[in-house]
Amino acid sequence: MGRIVAMALGTVAAAFVLFNFILPMVTVLFKVALVIGVIALVVFIAVRVISGSPSR
């Protein structure tokens, strides 16, 4: 009986950690990666346009 109660409490604790710590961290990391990717794309396009234009 004690093992079943411990397993149920462990499952509840694991779900708590997953939904309150792991998933928010993953979404924040995804947002940061998305912002860095957009900035890199803008810089790439700017360099491509500037280098492609004739200087004379």
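None of these values were measured; they are calculated from a predicted model.

A. Main features of the overall build of the protein chain. The secondary structure content of the protein chain amounts to 1 helix and 0 strands. Rg of the C-alpha trace for the protein chain: 24 Å, well past the compact-globule value of 10 Å for 56 residues, more than 25% over. When the backbone C-alpha atoms are referred to their principal axes, the protein chain occupies close to 85 × 15 × 5 Å. Counting across all 56 residues of the protein chain, residues that qualify as buried make up 0%. Working note: accessible area of the protein chain is about 5,300 Å², and carbon and sulfur atoms make up 82% of it.

B. Geometry of a nonpolar patch on the surface. Taken together, the side chains of Phe16, Val17, Leu18, Phe19, Phe21, Ile22, Leu23, Met25 and Val26 define a hydrophobic patch exposed on the protein surface, amounting to about 840 Å² of accessible area. Positionally, valine 26 belongs in helix 1 (residues 2-52). With relative accessibility at 48%, the residue valine 26 sits in the partly exposed group.

C. Local environment of the packing of aromatic side chains. All chains considered together, the criterion is met by 1 aromatic pair. An angle of 80° between the planes, with centres 6.0 Å apart, marks the rings of phenylalanine 16 and phenylalanine 21 as edge-to-face. Exposure remark for phenylalanine 16: the relative accessible area of 49% places this residue in the partly exposed category.

Analysis parameters
- Residues numbered from 1 in each chain as written.
- Predicted model: local features only at pLDDT ≥ 70, side-chain atom pairs only at ≥ 80, totals over all residues.
- Heavy atoms only, no water.
- Helix = DSSP H or I, 4+ residues; strand = E, 2+ residues; numbered from the N terminus.
- Rg over C-alpha atoms; globule rule 2.2 N^0.38 Å.
- Buried < 20%, exposed > 50% of the residue type's maximum accessible area, 1.4 Å probe, protein only.
- Areas by Shrake-Rupley, 256 points an atom, 1.4 Å probe, with all protein chains shown as cover.
- Patch = residues over 30% accessible without salt bridge, like charges linked within 9 Å, V, L, I, M, F, W, Y side chains within 5 Å.
- Salt bridge = Lys/Arg side-chain N within 4 Å of Asp/Glu carboxyl O.
- Phe/Tyr/Trp six-rings, centres within 6.5 Å; stacked < 30°, edge-to-face > 60°.

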